[in-house]
Amino acid sequence: MQNTIAQRIYDFLKQFPPFQFMAEGDLLDICSQASVLYLDKDEVIFNRDQAYNDRFYIVQQGAIKLTRPSKDVIKVVDICDEGDLFGLKVTSTDTYRTTATAKEETILYTLPMEEFSAFAKANKAISNYLIASFASNIKDPYTLQQSGSLLNTYEPERGAHLLGLEQARYSTSIITCSPETSIQEAARLMQQHRIGCLVITTDSIPVGVLTNRELRNAIANNIISSNHVVRDAMITQVVCAVPKITVTQAQLILLKNGISHLIITEDGTASTKVIGVLSKHDIVVAYGNSPAELVKEIKRAKKTKMLRFTWEKATLLLERYLDQNLPISHILNIFSELKDALMQRTMQLSLSKMAHNPPVPFTWLALGSQGREEQLLYTDQDNALIYEDVSPENNEATKNYFLHLANRMNKRLHKIGYDYCPADMMGSNPLYCLSLSEWKIQFSTWIKDPSPESMLLSGIFFDYRMVYGTQELVGELTASIYDQLSTSSVFFRFMAKDALKNPPPVSFFRNFLVESDGAHKDEFDIKNRAMAPLISGARVLSLYHNLRNINHTSERFEKLAELEPQNKELFESCAYAFKALLKFRVKQGLRNDDSGRFIKLADLSKEERLKLKRCFKPLRDLQEVLRVRFQTQNLS
C-alpha cells in the first residue's frame, strides 16, 4: 500500500476511538496494512454463525446494518455509520453473532485483527473502549455493566484513589470494653488512647458503640458515676462493614446513617468478630471534602443565604466528582442525601417563621427529577404538599396555613437557586396543596379519565417522594393510587402513548433531530429527545408491574430486567443508557452554567457526538415494547 493511502486512512481513523488512543507511529503502521472495500447496497459482508475473518471493519462512508433472527423475524440490532467499528472478535466465541449488510453504497476500511489485538492488549484505553463498543457480536455496550460506564472509557486514565474506589484504610488497633464496664473507666480508656470511639463487645462480637457524643450525653443526663455502666449510654445499633469496603461506600454509609464510625467485622455483620474501626476522619483524610461535612453545614444554617452558599460548595463537589469520573450511581446516592438535608433544613426555617405550629401532620413532596432522585443541577421547582384530613369547617383555615407555609418554602428554594416552575406545579399553588382525601380524588380523576392534560401532570406527579413530614400520609396515598390502577387498564395505554410522543432522537438517516425554530433553533434537546422517552417508559412499566419505592429511572429498568427475562437485555441497556445520558447532561450543564438541556451540536467533538448516538440504541426497541404491549395505535 502506498504511503499516501496509509496517511489518508490514518487521518480518518485518528478522529475516532479507539484509534485516537494509539500512538502516531503505531496507528500509521497498522494503517499501512489496511485495505479498502467498496460495497453496493444490500451486499453482505459476513453472515451470522460464519467463522470470523482475519480482518475487522470501519465504516468510512455509508452505513452497515447488523441483524439477527428474533423468533420469526429478522431484527436490526445496530446501524453502523461513519467511524463505527464492527466485526472485531471481543469474546471467546469463534463465529459472528450477527449478519452485516450494506444499507447503502458504502466504503469500508479493513484492518488485520491479530495485529490490532496486540495493540489493544498493550493499551488499556483501547481495551476498555472495545469492551464497551459495538462489535458485531454485541448488541450494545450498556449490558456490559461489569466493564464500567460507557462515558468512563473516554476519560483520561485515573487511579482508583481518585475515584474513591480503592479499599478504605481502617484502624486495626481496636480498643474495646464490655457492656458492664463503668462509664468512668470507659472515659479513662478513651482519654488514655486518645480515641473518639470504644467498641463494646461480648466475646469479640460487637454489641454497641460508645463515642464522645454518647459521653457528652451521659454528662448532660448526670449518669457518669460509679453506679452507671457503658450499657446505660452506648449505641446498640451497630453499623458494620466488610473489610474490603471502598472509600466511596464507607462515605455513603456514614452519610446515610448520620454516624462518625463504622465497625469493620469479618463478614460485615454484627454477628462476627470485630477486626477494625473506620472513622469519618479516616475518610476525610483519604478523600478530602466529605459530604458529611456539608450536611453538618446545612443543618447548622440559620438563614437561606447560608444554605445557598453551602449548596454552591456542593456544586463544586459535584464538579470534582465528575472530573474524577466517579460512577454516576454513587454521585446520585450522595447528592440525594445532600438534597434531602437541604430540603429538610429549608422547611425547618420556613416553619420557624410561621405564627404557630402546623395544625395537623403534613408531608412535603418532591416531584419530577427530584422525586426520582436524579436532580443534580439547578432546575425548576416541582413540589406539592399533603396535609391530614380535617373537618369541613376547619379545612379553609388549615389550607390557608399550609399555603402560607408552602409559599415561604418556594420563596426560600428560589433564593437558594431553584427557579419557580413555569407551569406553577408547586406547593404554593392551591391546586397542589391538598388534604389527603383531596389528593386521592385528584389521582383517581387522572387515572379514570385520562387526557392529554392529565398525562402531562401524571408525568410529574407520579414521580413523587417524601422529603419532609409524615410518611403515613404518603403510604396511604400510594396504596390508594395502586388500588385505582389495578382496575384501570386504559390509563396505562394513555400513559404508554404519551411515552411515545417523542420519536427516537436520530432520523432514519442517522442525523440528530434538533429544534427547528425558537430560541434553541438547531440545538439538540437531550431532556425531551433522549432522556424523557426512557423516563416515561420506565414509569409506565413500573406502575404496570406495581413497583413501589423505586424512584431512579435506572433502578426501575434494572428491576424490570429481573421481572421480564425476555426483555432483560433491553432493560439493562436502557438503565445504562440513562445513566450515561444523565452524566453527559450534567457535564454539559456545568460546562455552560445552565440546566444542560439544550446542546449546541456544533460545539461537540466527533467523539462526543459518538457517545450520544450510542446512548440512543435501546430507545426504538423500548418504544416498540410499549406500542405492542399497550396497543397504543388504537387510541385516538
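Residues numbered from 1 in each chain as written. Predicted model: local features only at pLDDT ≥ 70, side-chain atom pairs only at ≥ 80, totals over all residues. Heavy atoms only, no water.

A. Structural detail: empty space enclosed by the protein. As enumerated under the stated definition, the model contains three cavities of 30 Å³ or more in all. Quantified by volume, the largest cavity comes out at close to 80 Å³. For the largest cavity, the full set of lining residues is Met 343, Leu 367, Ser 369, Gln 370, Gln 375, Asp 380, Gln 381, Asp 382, Asn 383, Leu 413 and Tyr 418. When the residues that make up the lining of the largest cavity are grouped by side-chain class, the tally is four nonpolar, five polar and two charged. Quantified by volume, the second largest cavity comes out at close to 60 Å³. Around the second largest cavity, the lining residues are Leu 332, Phe 335, Ser 336, Lys 339, Gln 370, Glu 373, Glu 374, Gln 375, Leu 376 and Arg 465. (1 Å grid on protein atoms, 1.4 Å probe; cavity = no way out; pocket = protein on both sides within 12 Å on 5 of 7 lines; lining within 4 Å. Points joined across faces, edges and corners; volume = space filled by probe spheres on them. Nonpolar A, V, L, I, M, F, W, Y, C, P; charged D, E, K, R; others polar.)

B. Geometry of the sheet that holds strand E14 (residues 274-279). On the basis of which strands lie adjacent, the open sheet formed by three strands has the order E12-E13-E14 and mixed pairing. Looking at which strands have only one partner, the edges of the open sheet turn out to be strand E12 (240-241) and E14. One ladder, built from five bridges, connects strand E13 (residues 261-265) with E14; its direction is antiparallel. Considered in E14, the bridge of His 261 is made with Ser 279. (Pairing = 2+ DSSP bridges. Helix = DSSP H or I, 4+ residues; strand = E, 2+ residues; numbered from the N terminus.)

C. Geometry of the nonpolar core. Of all hydrophobic cores here, the largest spans 117 residues; its most connected members are Phe 335, Trp 439 and Phe 461. It is helix H12 (residues 328-352) that provides the largest number of residues to this core, a total of 12 residues. If you count residues domain by domain, this core takes at least three from each of domain 3 (291-321 + 328-487) and domain 4 (493-630). Other than its neighbours up to four places away in sequence, Phe 335 contacts Trp 311, Ala 314, Leu 317, Leu 318, Tyr 321 and Leu 376. Counting 38 residues, the second-largest nonpolar core is a separate cluster that includes Ile 9, Tyr 10, Phe 16 and Tyr 109. (Core = buried A, V, L, I, M, F, W, Y, C linked by side-chain atoms within 4.5 Å. Buried < 20%, exposed > 50% of the residue type's maximum accessible area, 1.4 Å probe, protein only. Domains from an automatic or database assignment. Contact = heavy atoms within 4.5 Å.)

Geometric values such as these leave the question of function open.
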